[in-house]
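# Chain and residue survey
So the chains spell out like this:
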Amino acid sequence: MTDADQVRLYRTVRLIRRFEERAVELVHGGQIVGGIHPYLGQEGIAAGVCAALGVDDVIAGTHRGHGHVLARGADPARMLAELCGRVTGLNAGRGGSMHAADFSLGVLGANAIVGASGAIITGAVWAHRRWGRDTVGVSFFGDGAVNEGMLLEAFNLAALWRVPVLFVCENNGYATTMPVTGAVAGSIEGRAAAFGIPAVQVDGQDPETVRIAAAAAVERMRAGGGPELIEARTYRFDVHHTFEHAVRLDYRPPDEVTRGRVRDPVRIQGERLTDTDRAAVDAEVEATLDAAVRFALASPEPDPADALAHLYASGMTARTGGG
Amino acid sequence: MPRLSYRRALTRALADELARDEAVFLLGEDIQVGASLVTTGLAKRFGTERVRDTPLSEQAFTSFATGAALAGLRPVLEFQIPSLLYLVFEQIVNHAHKFPLMTGGQCAVPVTYLVPGSGSRTGWAGQHSDHPYSLFAHVGVVTVVPATPADAYGLLVTAIRHDDPVVVFAPAGAMDTREDVDDLVPVPLGRGRIHRFGDDVTVVAVGHLVHDALAVAEELADQVSVEVFDPRTVYPFDIDGLTESVARTGRLVVVDDANRSCGIAAEIIASVVERVRLLAPPRRVTRPDGAVLPFAPALDRAVQPGRDQLATAIHLTMKDGS
């Protein structure tokens, strides 16, 4: 890994970290209505995996999806504007936190239905390959998704038809409040093994480790291999959703949270940089996010008359509800 | 004049679109051998890459099609059994239908879901005999129920070319109908068709029930002048065309092969009475509320809307309004 690669990885994890912290502030300030699912603590996975992809590859994420979109290179200002429900947002204020998408970067949308991205990305990659492209895809999902039948069906299709999809399980230990030990019989790698899909378990808190594993999988997939799975072990530093800041849910022992936060991907990657380089990245990220917040809050809100714009791609319109 | 069956019209539409557009491909269970008799010969002609058999993984292959559509293809999915739509309702409604709006117009999802043999095939019992088109109309997915071979061809072609998801219900009761056809042309969405003009009452019939309505209209011809209106697409619905018809006849009866509560018949009646002052209360002939089709043929028939019920409804409407 070159110095430049290390700096880039650090920049990504730092950007996601500070984006999420600023977004949580905006939730508490009332500028982001509906709250968010913070990606705090899991930044190394999105950063490491997306660093292994090419410009023509495609990804789909989850309800905890900001990190994936940013790691793919989306404009943080437009992403934040989306969370604030502004017309300048990536989705023109129609998708918000759980559906952020940037098709120009191959980000086919965050998806709020657990495990939904697996089959969608398999179909997308299969289609790109039919057009003669060298595309690979990534489906991000959490540990909760490995109990969803739709995802396991997608494993089967991808393996059967040798579609190069990297299934990335972000195992943060909890599906909302359900501990993985109480939810997953067998193992996550074992799920993949059952379909003949090669699987590895990696330390999701180390962005370089994730990148190395993802790059190896992507190389094999491009060479004609079928799908692969990475189980990235991670820890969610904060709440499942910001509503937890208002309601007290008792499901994670405080000492577990303290221990979990010790392995911090931003710190781990930051220590690989010189102090000067790190300070420069930090300052740049801060300036980017200051500008992003200003942009988002200054952006206009959508016109209520256009509430159902884009309902039909064909241009069909719907009857109104009133009168 | 060539005589064309409804089933063969669907095959023709699929073949013509596969030949016309590289982006079209078919996906489904047992479609390479053509177990539904609709895709017969297509795998041999277009190859198994474009006519693909899938494992029994309806949820995954439905979302696979969404992904393929996002990447520029035009998938056509075949479901041999209408109840499978319950299994993939999530994938169609919550993903395919919602993606364009949720992404602020960044994408289109041009997928066609074809259900040949929808509704009752006698003796297929509780889990194979539903006709769930009202569910898709309710959520705003384009929903097509052709009654005739020419419309089956024309509407399926339009569905495949349409940039949004479309569910095409081909009723079992219509699959074996035949007609003389000169021209096979695309049929627009949202435009109904009057199969028979009349002065006294408009009967709206969906799918195969158009043929029953025509038969009843013929039987009653010396007593009542019945107009038979076939919406062809239940969503979008040709409310302008129907309003024009009912404004002339002043009476409305709807016959719909689906359960009564929240069925399309209720929606049709509501939409008309919002616009037209009727001479008599409107009536509907449907399956009973919450019906599950029983196995024994006599019981199956007892649950489906029948010609006698339709004739009775027409008579009562005439009496109420006289």
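Residues numbered from 1 in each chain as written. Chains lettered and ligands numbered in written order. Predicted model: local features only at pLDDT ≥ 70, side-chain atom pairs only at ≥ 80, totals over all residues. Heavy atoms only, no water.

### Quick look at the confidence of the model for chain B
For the record, the criterion: The predictor reports its confidence for every residue as pLDDT, a score running from 0 up to 100.
On average, residues of chain B carry a pLDDT of 97, and 100% of them reach 70 or more. The complex model carries a pTM of 0.97, and its ipTM stands at 0.96.

### Some thoughts on a nonpolar patch on the surface
Using the following cut-off: Each patch is built from salt-bridge-free residues with over 30% relative accessible area, joining like charges within 9 Å and nonpolar side chains (Val, Leu, Ile, Met, Phe, Trp, Tyr) within 5 Å. Here the open area of atoms and residues is found with the Shrake-Rupley method and a 1.4 Å probe, where only the protein chains shown may cover a residue. In what follows, salt bridge is the name for a side-chain nitrogen of Lys or Arg lying within 4 Å of a carboxyl oxygen of Asp or Glu. The helix and strand labels rest on DSSP assignments: H or I over at least four residues marks a helix, E over at least two residues marks a strand, and numbering proceeds from the N terminus.
Taken together, the side chains of Phe243(A), Val247(A) and Leu249(A) present a nonpolar region at the surface, about 230 Å² in accessible area. Mapped onto the secondary structure, Phe243(A) falls in the loop between strand S8 (228-233) and helix H9 (254-262).

### Quick word on the side chain of Arg7(B)
All names here are of chain B. Under the convention used in this document: Each residue's exposure class comes from its accessible area (1.4 Å probe, protein chains only) as a fraction of the maximum for that residue type: buried when under 20%, exposed when over 50%, partly exposed otherwise. Here, residues are in contact when the closest pair of their heavy atoms is within 4.5 Å.
Within the secondary structure, Arg7 sits in helix H1 (residues 6-20). Given the relative accessible area of 17%, Arg7 is considered buried. Non-local contacts of Arg7, meaning those with residues more than four positions away in its chain, are made with Ser36, Leu37, Val38, Met175 and Asp176.

### Considerations on the nonpolar core
What counts, and what does not: By convention a nonpolar core is built from buried Ala, Val, Leu, Ile, Met, Phe, Trp, Tyr and Cys residues, the set being connected through side-chain atoms within 4.5 Å.
Phe141(A), Leu10(B), Leu14(B) and Leu85(B) are the most contacted members of the largest nonpolar core, which totals 124 residues. In this view, Leu85(B) contacts Phe79(B), Ile92(B), Val115(B), Pro132(B), Phe136(B), Val167(B) and Phe169(B); residues no more than four positions away in its chain are not counted. Counting residues in hydrophobic clusters, the runner-up holds 56 residues, among them Ile32(A), Ile36(A), Leu70(A) and Ala214(A).

### Structural notes on helix H3 (residues 58-70) of chain B
All names here are of chain B. Heads up, the rule is: A helix's residues, less one, multiplied by 1.5 Å, set its expected span.
The terminal C-alpha atoms of H3 lie 18 Å apart, and with 13 residues this matches the ideal 18 Å at 1.5 Å per residue to within 8%. The element H3 is extensively covered by neighbouring structure, given that twelve of its 13 residues are classed as buried. Where H3 is concerned, the buried positions are Glu58, Ala60, Phe61, Thr62, Ser63, Phe64, Ala65, Thr66, Gly67, Ala68, Ala69 and Leu70. Phi turns positive one or two residues past the end of H3, at Gly72, with a value near 100°.

### A word on the interface of chain A and chain B
The line we're drawing: Accessible area, probed at 1.4 Å, shrinks when two parts are joined; the buried area is that loss added up over both. Here a polar contact is taken to be a pair of N or O atoms separated by no more than 3.5 Å, where protein atoms must pair a possible hydrogen donor with a possible acceptor and residues adjacent in sequence count only if both atoms sit in side chains. In the scheme used here, Gly and all other residues not listed as nonpolar or charged are polar, with Ala, Val, Leu, Ile, Met, Phe, Trp, Tyr, Cys and Pro taken as nonpolar and Asp, Glu, Lys and Arg as charged.
With 42 residues of chain A in contact, the opposing surface of chain B contributes 48 residues. Around 3,600 Å² of area is buried between chain A and chain B when both sides are counted, 65% of it from carbon and sulfur atoms. For Glu22(B), the salt bridge is made with Arg130(A), and the minimal N-O distance between the two is 3.7 Å. Taken together, the connections running from chain A to chain B amount to 19 residue pairs in polar contact (both at pLDDT 80 or more). Looking at the side of chain A that touches chain B, the elements with two or more residues in it are strand S2 (107-111), helix H5 (117-130) and helix H6 (149-160) of chain A. Here the side of chain A that touches chain B gets nine residues from one element, more than from any other, and that element is H5(A). Tallied by class, residues from the side of chain A that touches chain B come to 26 nonpolar, ten polar and six charged.

### Looking at the packing of helix H1 (residues 3-28) of chain A against helix H4 (residues 76-83) of chain A
Residue and element names in this part refer to chain A. Rule in force here: In this analysis, axes come from line fits to C-alpha atoms, helices being fitted only over the stretch in contact, and the angle between any two N-to-C directions falls in the range 0 to 180 degrees. For this classification, under 35 degrees means roughly parallel, over 145 means roughly antiparallel, 65 to 115 means roughly perpendicular, and everything else is oblique. Rotating anticlockwise by less than a right angle from the far helix to the near helix defines a left-handed crossing, while the corresponding clockwise rotation defines a right-handed one.
Running from N to C, H1 and H4 cross one another at 30°; their axes reach a closest spacing of 11 Å. When the axis of H1 is compared with that of H4, the two are roughly parallel. Remark: the crossing between H1 and H4 carries right-handed chirality. The residues of H4 that touch H1, namely those facing Leu15, Phe19, Ala23 and Leu26, are Pro76, Met79, Leu80 and Leu83. Class assignment of the residues belonging to the contact of H1 with H4 gives a composition of eight nonpolar, no polar and no charged.

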